[in-house]
Amino acid sequence: MSLPDKTGHFGEFGGRYAPETLMALLEDLERIFHSLKSDKAFQKEFQHYLKEYAGRPTNLYSAQRLSAHLKTLKVYLKREDLLHTGAHKINNTLGQVLVAKKMGKTRIIAETGAGQHGVATATACALMGLQCEIYMGAEDVERQALNVFRMKLMGAKVIPVESGSKTLKDAMNEAIRDWVTNVQNTFYIIGSVAGMHPYPVMVRDFQAVIGREARKQFLIKEKKLPDYLLACIGGGSNAMGLFHAFYTDKKVKMIGVEAAGCGLNTQQHAAPLAKGKIGVLHGSKSLLMQTPDGQIQIAHSIAAGLDYPGVGPEHAYYQQSGRAEYVAVNDHEAIKGLKLLSQTEGIIPALETAHAIAYLEKLAKKVKKKSTVIVCLSGRGDKDVASIKDLI
Ligand SMILES: *Cc1c(COP(=O)(O)O)cnc(C)c1O
């Protein structure tokens with residue numbers, strides 16, 4: 001059976017926990033998104049922007065000096081860092097903006113924590129000439145001043161949210177409130193494989209180009225399928241983007257790397273798959289970081305793009321069904337991963353991506369015979385260089 005099912009569930013996860021006022025719209029979105037999958041003109045337009053604007057296909061690069069260092073692993077890097085704006089997020093925002101246009105919406109809203117999804121949304125809106133408003137916790141507005149400036153440069157309005165902890169989850173609540181009020185002309189862009197049905201499947205399908213390309217490229221280079229796929233997990237979109245095309249290739253092992261932050265035994269991490277409990281966030285049921293009394297626990301990671309307290313429902317399902325394995329890497333190890341790739345390949349990865357790189361060292365020690373692995377190089381590290389300078 002192909003997942004999600006008709007109600008948007010991946011096993012017990014997913015679904016649609018939304019205010020009544022949004023139900024009709026979500027049903028509309030589901031129906032339109034489904035019809036656009038086989039709409040040749042839409043697909044052609046999407047492919048056009050992926051190729052001519054974002055820079056697809058991205059390279060699948062054989063990292064020889066990194067592989068020599070690891071000894072037991074032959075590593076290929078799927079270079080999403082080479083895309084316009086420096087990460088995979090643009091695949092999704094381009095897709096959703098095109099869906100919004102098809103639905104006749106003229107105004108786009110989104111929330112952002114670190115600002116990266118906000119920037120990718122502002123980019124796609126500037127490209128298409130759509131009005132764009134980004135909700136952001138007041139605290140994050142301060143911390144991510146450069147991304148706020150980028151969004152404004154591209155014509156977006158950034159709305160600081162002063163309620164609650166003034167971070168991502170508060171921005172999320174405000175964005176949904178706005179959406180409920182303005183559903184007539186407004187489209188809400190979610191940045192990862194999270195949220196109410198059909199967002200997780202929609203974002204997955206827009207990001208699945210990563211794995212489709214990588215599978216083809218790998219078959220040409222190696223004449224077989226890889227032994228492992230490896231990707232970092234925030235909400236899980238770059239990982240699901242890579243994994244999806246390999247779902248039925250049962251021999252290909254998938255590993256998602258969460259952020260262990262200051263350690264899984266502290267409160268300071270972003271690892272709901274390792275430590276979370278089942279709950280509802282962003283309108284869908286998944287694993288969530290929660291305090292003992294059931295409140296959302298604030299996530300921490302050195303990588304701002306990983307500190308989301310939830311995870312996409314399809315990953316929760318992959319973990320439960322055993323299709324993928326999920327591990328965690330802490331802040332300190334991530335910095336070592338960032339240095340490792342910088343020094344062996346001359347590629348400075350994003351701190352998010354550095355979690356996946358760091359796990360290679362552990363995987364290299366575990367494998368019994370020489371194995372091949374594709375790592376999703378989700379983004380480039382230019383944005384992080386200033387913040388880690390003091391730490392190193
Ligand atoms: C946002 C981001 C992530 C985390 O998001 P996912 O939805 O888990 O992919 C990972 N890497 C980079 C570079 C990002 O910008």
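For the structure itself, look to the data block above.
Criteria and thresholds
Residues numbered from 1 in each chain as written. Predicted model: local features only at pLDDT ≥ 70, side-chain atom pairs only at ≥ 80, totals over all residues. Heavy atoms only, no water. Axes fitted to C-alpha atoms, helices over the stretch in contact; angles between N-to-C directions. Helix = DSSP H or I, 4+ residues; strand = E, 2+ residues; numbered from the N terminus. Parallel < 35°, antiparallel > 145°, perpendicular 65-115°, else oblique. Contact = heavy atoms within 4.5 Å. Near = heavy atom within 4 Å. Polar contact = N/O pair within 3.5 Å; in protein donor to acceptor, adjacent residues only side chain to side chain. Pairing = 2+ DSSP bridges. Buried < 20%, exposed > 50% of the residue type's maximum accessible area, 1.4 Å probe, protein only. Left-handed = near helix turned anticlockwise from the far one by under 90°. Nonpolar A, V, L, I, M, F, W, Y, C, P; charged D, E, K, R; others polar. Phe/Tyr/Trp six-rings, centres within 6.5 Å; stacked < 30°, edge-to-face > 60°. Lys NZ or Arg CZ within 6 Å of the ring centre and 35° of its normal. Right-handed = clockwise from strand over helix to strand, strands pointing away.

(A) Fine view of the packing of helix α5 (residues 116-128) against helix α7 (residues 145-153). Between α5 and α7, the least distance of the axes is 9 Å, while the angle of their chain directions is 10 degrees. The angle between the axes of α5 and α7 places the two elements in the roughly parallel class. When α5 is examined against α7, the residues Gln116, Gly118, Val119 and Ala122 are found in contact with a partner set consisting of Asn147, Arg150 and Met151.

(B) Just the environment of Asp81, in detail. Position of Asp81 among the secondary structure elements: in the loop between β4 (73-78) and α4 (89-102). For the pair Asp81 and Thr58, spaced 23 residues apart in sequence, the C-alpha to C-alpha distance is 8.6 Å. Not counting residues within four places of it along the chain, the set of residues in contact with Asp81 comprises Gly86, Ile347, Leu377, Ser378, Gly379 and Arg380.

(C) The arrangement of the site of the ligand in detail. Close contacts around the ligand come from 17 residues, with Lys89, Gln116, Ser192, Gly234 and Ser237 the closest. In the model, an oxygen atom of the ligand is placed 3.2 Å from a nitrogen or oxygen of the Gly235 main chain.

(D) Here's a closer look at the sheet that holds strand β8 (residues 186-188). With parallel pairing, four strands are arranged side by side in an open sheet as β7-β6-β5-β8. Each edge of the sheet is formed by a strand with only one pairing partner; in this case those strands are β7 (157-161) and β8. The average undirected angle you get between the axes of adjacent strands in this sheet is 25 degrees. Sheet analysis places strand β6 (residues 131-137) next to β7, joined by five bridges and oriented parallel. Bridging across to β7, Tyr135 finds its partner in Ile159. Packing against the sheet, helix α8 (residues 168-182) makes contact with β5 (107-112), β6, β7 and β8, and its axis sits at approximately 160 degrees to β5.

(E) Main features of the sheet that holds β4. Taken in spatial order, the six strands make up an open sheet running β3-β4-β14-β9-β10-β13, and their pairing is mixed. Every other strand in the sheet has two partners, leaving β3 (60-62) and β13 (324-330) as the edge strands with one partner each. Neighbour-to-neighbour, the strand axes of this sheet turn through a mean angle of 30 degrees, independent of strand direction. With three bridges joining them, β3 and β4 adopt antiparallel strand pairing. Counterpart to Tyr61 in the pairing with β4 is Leu77. Together, β10 (253-261) and β13 form the strand contacts of helix α13 (residues 313-321), whose direction differs from that of β13 by roughly 110 degrees. Relative to the sheet, helix α14 (residues 331-345) contacts β3, β4, β10 and β13, its axis offset from that of β13 by approximately 95 degrees.

(F) Looking closely at the side chain of Glu258. Structurally, the position occupied by Glu258 is in strand β10. Here Leu273 takes part through its backbone nitrogen, which lies 2.8 Å from a polar atom of the side chain of Glu258.

(G) Region of interest: the pairing of β5. For β5, a buried count of six out of six residues is recorded, marking the element as mostly surrounded by other parts of the structure. Side chains of β5 alternate between two faces, with Arg107, Ile109 and Glu111 and Ile108, Ala110 and Thr112 buried alike. When β5 meets β6, the two strands line up parallel, connected through six bridges. Looking at the pairing, Arg107 lines up with Gln131 of β6.

(H) Focus on the packing of α4 against helix α9 (residues 199-207). In contact at an axis separation of 8 Å, α4 and α9 are set at 120 degrees when each is read in the N-to-C sense. Comparing their axes, α9 and α4 come out oblique. Like other packed secondary-structure pairs, α4 and α9 cross with a definite hand, here right-handed. Across the interface between the two elements, Lys89, Asn91, Asn92, Gly95, Gln96 and Val99 from α4 touch Tyr199, Met202, Val203, Phe206 and Gln207 from α9. Looking at the contact of α4 with α9, its residues break down into five nonpolar, five polar and one charged.

(I) Main features of the packing of aromatic side chains. Counting across every chain of the model gives seven aromatic pairs. Among the aromatic residues, those joined into a cluster by ring pairs are Phe33, Phe46 and Phe206. Lys250 extends its terminal NZ or CZ atom over the ring of Tyr247, reaching a point 4.9 Å from the ring centre. The ring of Tyr247 carries Arg323 above its face, with NZ or CZ at 6.0 Å from the centroid.

(J) Structural detail: the pairing of β10. In terms of residue burial, β10 counts as a mostly covered element, since eight of its nine residues are buried. The pairing of strand β9 (residues 228-232) with β10 spans five bridges and is parallel. Bridge pairing links Tyr228 to Lys253 in β10. Between the parallel elements β9 and β10, the chain passes through helix α11 (residues 237-243) in a crossover that is right-handed. Summarising the sheet, β10 and β13 pair through seven bridges and their orientation is parallel. Bridging from a neighbouring strand, Ile255 pairs with Glu325 of β13.

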